[in-house]
Amino acid sequence: ALLGGPDPLDYVSMYRNLGNPALNVPEHWHYVSFGLSDLYGDNRVHEFTGTDGPSGFGFELTFRLKRETGESAPPTWPAELMQGLARYVFQSENTFCSGDHVSWHSPLDNSESRIQHMLLTEDPQMQPVQTPFGVVTFLQIVGVCTEELHAAQQWNGQGILELLRTVPVAGGPWLITDMRRGETIFEIDPHLQQERVDKGIETDGSNLSGVSAKCAWDDLSRPPEDDEDSRSICIGTQPRRLSGKDTEQIRETLRRGLEINSKPVLPPINAQRQNGLTHDRAPSRKDSLESESSAAIIPHELIRTRQLESVHLKFNQESGALIPLCLRGRLLHGRHFTYKSITGDTAITFVSTGVEGAFATEEHPYAAHGPWLQILLTEEFVERMLEDLEDLNSPEEFKLPKEYSWPEKKLKVSILPDAVFDNPLH
């Protein structure tokens, strides 16, 4: 199956692994892919880059599936799953890394299982191998429930992998996937969410750099009836003077591979969607708005930045509930966070003072390029907002519409019913 074909992997080996009773590792089936790395060294599938670099894509996939009583041969569906992931890698040329997550949105074995997504980690037994055609590492697929995927998106993949290792039925030390697991780690141990995930987000920050959401913003500094002034953008209708360059930049910076779904948790926007799967890279350390996008961003001088005196942000309840994560997990850690409207080009990016490449500045903290608004918040203001927005975390007592206002900062935030966003004329 050379050159990607329908099945890009040459083959998948399947082994029976007796586990390690002393370490509480159950018996399981171990799957290993062959074909993402360079098996031939003759440039047929992969360009040969020398012995010291990566071999092919530099990795192979592995998977550990709990063996069911009475199973005498390994189920073959994991080979199909690996082919699907390999197809994504060949087509997109995106490689996987430890800590990445893959939103698959369906039971990995096509059953009724709750295990519908994947995290990737180093295989506990297989060390990287130096081959004549380069280095190969072994990345193990770990099946997870939707709630665990969301926690990995909002905190980070490595943190959740660490938790899964400590819960024997959810993976244990070797992260073995049990497709019959009916409970998430948060149902098995209710303390994990607050004591580990929430604390982890506070300490390490959040890896989630943005979501597709129901949101809008208004420029309060201009009377909206002043039709001739390009500064008043009517949200919900197409802005009249949005240059091609603007649209291009917003498109590029906020990767367009957005999935629009009615799932209860907002999809992250930095994902690259292909073949029905979404794969998120563990982000690089340096935080700048440019680093989010692989394409060159138009230099800022070419775009007219409009500085706004006063702004009004509007969110539905679901996206409003993520504001504390945005403030605590992103801005207080020197990062940025973007709400990208599900309908149209509207976007709201919150930036902290340390973010490079932003067009909002401390002098002019509210600035827009077309329908893309950036809001720069100082640490001290973020701390104050977090106190004032405390009740966003207890949706049960919540009555919509709800308004928060900081008059001396000329900022207003409203949490509005979904209908406001679904009707383009609001």
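Our structure's up above, just so we're on the same page.
Analysis parameters
Residues numbered from 1 in each chain as written. Predicted model: local features only at pLDDT ≥ 70, side-chain atom pairs only at ≥ 80, totals over all residues. Heavy atoms only, no water. Pairing = 2+ DSSP bridges. Helix = DSSP H or I, 4+ residues; strand = E, 2+ residues; numbered from the N terminus. Axes fitted to C-alpha atoms, helices over the stretch in contact; angles between N-to-C directions. Contact = heavy atoms within 4.5 Å. Core = buried A, V, L, I, M, F, W, Y, C linked by side-chain atoms within 4.5 Å. Buried < 20%, exposed > 50% of the residue type's maximum accessible area, 1.4 Å probe, protein only. Parallel < 35°, antiparallel > 145°, perpendicular 65-115°, else oblique. Nonpolar A, V, L, I, M, F, W, Y, C, P; charged D, E, K, R; others polar. Phe/Tyr/Trp six-rings, centres within 6.5 Å; stacked < 30°, edge-to-face > 60°. Lys NZ or Arg CZ within 6 Å of the ring centre and 35° of its normal.

A. Summary view of the sheet that holds strand E13 (residues 311-316). The strand order across the open sheet formed by 4 strands is E9-E13-E19-E18, and the pairing between neighbours is mixed. Edge strands, defined here as strands with exactly one partner in the open sheet, are strand E9 (215-219) and strand E18 (402-406). When the angles between neighbouring strand axes are averaged without regard to direction, this sheet yields 15°. Packed on one face of the sheet, helix H9 (residues 379-388) meets E18 and strand E19 (411-416) and runs near 150° to E18.

B. Quick peek at the nonpolar core. Core analysis: the biggest nonpolar cluster contains 55 residues, and Ile 160, Leu 313, Phe 315, Leu 327, Tyr 339 and Phe 350 have the highest contact counts within it. Apart from residues lying up to four places away in sequence, Tyr 339 is in contact with Val 211, Ala 213, Cys 215, Phe 315, Ser 319, Leu 322, Ile 323, Thr 346, Ala 347, Ile 348 and Phe 350. Listed in part, the 30 residues of the second largest apolar core include Leu 61, Phe 63, Ala 86 and Leu 120.

C. Representation of the packing of helix H2 (residues 146-154) against helix H3 (residues 157-166) within the structure. One way to put it is that H2 packs onto H3 with a least axis distance of 7 Å and a crossing angle of 135°. In terms of orientation, H2 lies oblique with respect to H3. Along the contact surface, H2 presents Glu 148, Ala 151 and Ala 152, while H3 presents Gly 157, Ile 160 and Leu 164. Residues belonging to the contact of H2 with H3 are distributed by class as follows: 4 nonpolar, 1 polar and 1 charged.

D. Structural view of the sheet that holds strand E16 (residues 366-369). In space, the 6 strands of this open sheet follow the order E8-E14-E15-E17-E16-E12, with mixed pairing throughout. The open sheet has two edge strands with one neighbour each: strand E8 (210-213) and strand E12 (306-307). As defined by bridge partners, E12 adjoins E16 across 2 bridges and the pair is classed as antiparallel. Note on E16: the bridge partner recorded for Gln 307 is Ala 367.

E. Quick peek at unusual backbone geometry. Cis geometry is adopted by the peptide bond preceding Pro 401, which originates at Leu 400 and carries an omega value of -10°. The topology assignment puts Pro 401 in the loop between H9 and E18. Backbone geometry at Asn 43 places phi at a positive 65°, although glycine is not the residue there. Here Asn 43 lies in the loop between strand E2 (28-34) and strand E3 (54-66). Here the phi dihedral of Glu 93 falls at roughly 60°; this positive angle occurs in a residue that is not glycine. Within the secondary structure, Glu 93 is located in the loop between helix H1 (77-92) and strand E4 (101-103). Owing to a relative accessible area of 62%, Glu 93 belongs among the exposed residues under this scheme.

F. How the structure looks around the packing of aromatic side chains. In total, this model carries 12 aromatic pairs according to the counting rule given. With centroids separated by 4.7 Å and ring planes inclined at 20°, the aromatic side chains of Tyr 11 and Phe 34 adopt a geometry described as stacked. Placement of Tyr 11 in strand E1 (residues 11-17) and of Phe 34 in strand E2 is noted, with a sequence separation of 23 residues between them. A relative accessible area of 45% places Tyr 11 in the partly exposed class. The class for Phe 34 is partly exposed, based on a relative accessible area of 21%. Ring centres of Tyr 88 and Phe 96 lie 5.7 Å apart, and the angle between their planes is 25°; on these two criteria the pair is classed as stacked. Taken individually, Tyr 88 and Phe 96 each receive the classification buried, so the pair is uniform in this respect. One aromatic cluster in this structure is built from Phe 315, Phe 337, Tyr 339 and Phe 350. A cation sits over an aromatic face here: Arg 44 above Tyr 40, 4.1 Å from the ring centre.

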